[in-house]
Amino acid sequence: MNLEKRYQMFISSTFRDLRDERQAVLKAVLEMEHMPAGMELFAAGDDSAWQLIRDVIDDSDYYVLIIGGRYGSLDESGIGYTEKEYEYAIETKKPVIPLLHERPDNLPRDRTETNEASWGKLQKFRERVEKKHTCVYWMTVDELKARVVTSLLSTMRRHPAVGWIRADKVPSEDVLSELLMLRRKISELESEKSDGALLPPKGVDGLQQGDDVFVSEVEYVLYVSSNVYLGEGVEHGVETHLSWDQIFAAIAPGLIDDAPDAALRVLIRERFEAATKVLALKGKNKDKVFRKFKMPERDIDTCIVQLRALGLIRESERQRSVKDTKTYWRLTPHGDFRMTQLRALRRVEVIREEC
């Protein structure tokens, strides 16, 4: 039974300098059919206002933190409201998704702190977040939107939350009892069937797979960087080679639960982007900066078709509302088994010499 659970995401950031970025994250959350929340328009200058903000964070399932080039306004104790919200989220053990601008010192003057003390507070705040979390970095609004989708999918998988469901969708006690009985029956049947579902489908021997290599003609721009600006970029085109096992191993964890088609495409693009970045910066000086990665959509289509043909992924059969016309993907039993073969950590045998 699909209860269509929705999660509430608290979006925390400074406001005036990150209007477009907040809108992009809000839109991404809505496209994932979850609920964004935030208090950037509410003056948190008294106890009752701050209590309201805390209540909203309490009711949220995940905390999305966006840090740009400004520290923001301060409360009476001298701490920024964004950092204050972050502290409360940590205190209440909310899963945090930190999204930090990669080069805040390169932002336009009206989007960065001009006050030295405020800039120092921002740097300490960033260092604090980077020390505690595995952070995601972005440069453009489009990058931010793509990063927040993959980060939320990963966090929701690793840290399932309570979420929300419509009151008219809550099953009755009789339905729950029947559902429990059916689940037990399914478990019994699954324990009796063979492991045939874990094997690859018939007829795939002639298809590219495993260590076979797929090549994509990608484009990127390489910049010469300094502490102040990015120099003039040089456009490059290169063939990026990845094996099918490398592609699948990278995207498979994101498909353990249903993932929208757009999220699957982001996962494939990010794997090729990471491989291309290694090629682009190999043997280069540290002042080279990789940006503006482009991968043909037809190559992403090919990857999806190939993984489907190999029996590793399939379209989700989960029932959804009639308004939801998007395509969703998930692992097949064979895909889940293959993922564990590729990604599970193996013990290292230690050979001890006798003294």
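Residues numbered from 1 in each chain as written. Predicted model: local features only at pLDDT ≥ 70, side-chain atom pairs only at ≥ 80, totals over all residues. Heavy atoms only, no water.

Enquirer: Report on the pairing of strand β3 (residues 62-67), specifying residues and quantitative values.
Expert: For β3, the tally of buried residues reaches six of six residues, placing the bulk of the element in the interior. Alternating residues of β3 divide into Tyr62, Val64 and Ile66 and Tyr63, Leu65 and Ile67, and every residue in both groups is buried. Examined bridge by bridge, strand β1 (residues 8-12) and β3 share four bridges and lie parallel to one another. Opposite Phe10, over in β3, you have Tyr63 as the bridge partner. (Buried < 20%, exposed > 50% of the residue type's maximum accessible area, 1.4 Å probe, protein only. Helix = DSSP H or I, 4+ residues; strand = E, 2+ residues; numbered from the N terminus. Pairing = 2+ DSSP bridges.)

Enquirer: Give me the pattern of salt bridges: which residues, what numbers.
Expert: Applying the stated rule across the entire model yields 23 salt bridges. For the salt bridge of Lys326 with Glu33, the shortest nitrogen-to-oxygen distance reads 3.7 Å. With a gap of 293 residues between them, Lys326 in the loop between β10 (313-315) and β11 (328-331) and Glu33 in the loop between α1 (19-31) and β2 (35-37) connect regions that are remote in the sequence. Overall, Lys326 belongs to the partly exposed group, its relative accessible area being 38%. Across the salt bridge formed by Lys84 and Asp75, the nearest N and O atoms sit 3.3 Å from each other. Here the salt bridges share partners, and the residues they tie into one network are Asp257, Asp258, Arg318, Arg320 and Arg330. (Salt bridge = Lys/Arg side-chain N within 4 Å of Asp/Glu carboxyl O.)

Enquirer: Kindly report on a negative patch on the surface, identifying the contributing residues and their values.
Expert: Judged by side-chain charge, Glu217, Glu219, Glu235 and Glu239 come together as a negatively charged surface patch. Positionally, Glu217 belongs in strand β6 (residues 213-224). (Patch = residues over 30% accessible without salt bridge, like charges linked within 9 Å, V, L, I, M, F, W, Y side chains within 5 Å. Areas by Shrake-Rupley, 256 points an atom, 1.4 Å probe, with all protein chains shown as cover. Lys, Arg positive; Asp, Glu negative; His and termini not counted. Charge placed at Lys NZ, Arg CZ, Asp CG, Glu CD.)

Enquirer: Account for the sheet that holds strand β7 (residues 234-243), naming residues and giving values.
Expert: Strand order in this open sheet of three strands is β7-β6-β9, and the pairing throughout is antiparallel. Edge strands, defined here as strands with exactly one partner in the open sheet, are β7 and β9 (288-294). The mean angle between the axes of side-by-side strands here comes to 40°, regardless of whether they run parallel or antiparallel. Here five bridges tie β6 to β9, and the two strands are oriented antiparallel to one another. Opposite Leu222, over in β9, you have Phe290 as the bridge partner. Strands β6, β7 and β9 of the sheet are contacted by helix α8 (residues 261-281), whose axis makes an angle of about 145° with β9. (Axes fitted to C-alpha atoms, helices over the stretch in contact; angles between N-to-C directions. Contact = heavy atoms within 4.5 Å.)

Enquirer: Describe the nonpolar core, with residues and values.
Expert: With 55 residues, the main nonpolar core has Val64, Ile66, Leu99, Leu152, Ile268, Phe272 and Ile313 as its most contacted residues. If one sorts the elements of this core by residue count, α8 sits on top with seven residues. Not counting chain neighbours up to four residues away, the residues in contact with Leu152 comprise Met9, Val29, Met32, Val64 and Ile97. Ala37, Met39, Val56 and Leu122 belong to the second-largest nonpolar core, a separate cluster that totals 21 residues. (Core = buried A, V, L, I, M, F, W, Y, C linked by side-chain atoms within 4.5 Å.)

Enquirer: Before we move on, can you summarise the packing of helix α7 (residues 244-251) against α8 with the specific residues and values?
Expert: The geometry of α7 relative to α8 is characterised by a closest axis approach of 9 Å and an angle of 125° between their N-to-C directions. Between α7 and α8, the interaxial angle falls into the category oblique. Pair α7 / α8 crosses with right-handed handedness. Between α7, through Gln246, Ile247, Ala250 and Ile251, and α8, the contact on the second element is made entirely by Leu264, Leu267, Ile268, Arg271 and Phe272. Across the contact of α7 with α8, the residue classes break down as seven nonpolar, one polar and one charged. (Parallel < 35°, antiparallel > 145°, perpendicular 65-115°, else oblique. Left-handed = near helix turned anticlockwise from the far one by under 90°. Nonpolar A, V, L, I, M, F, W, Y, C, P; charged D, E, K, R; others polar.)

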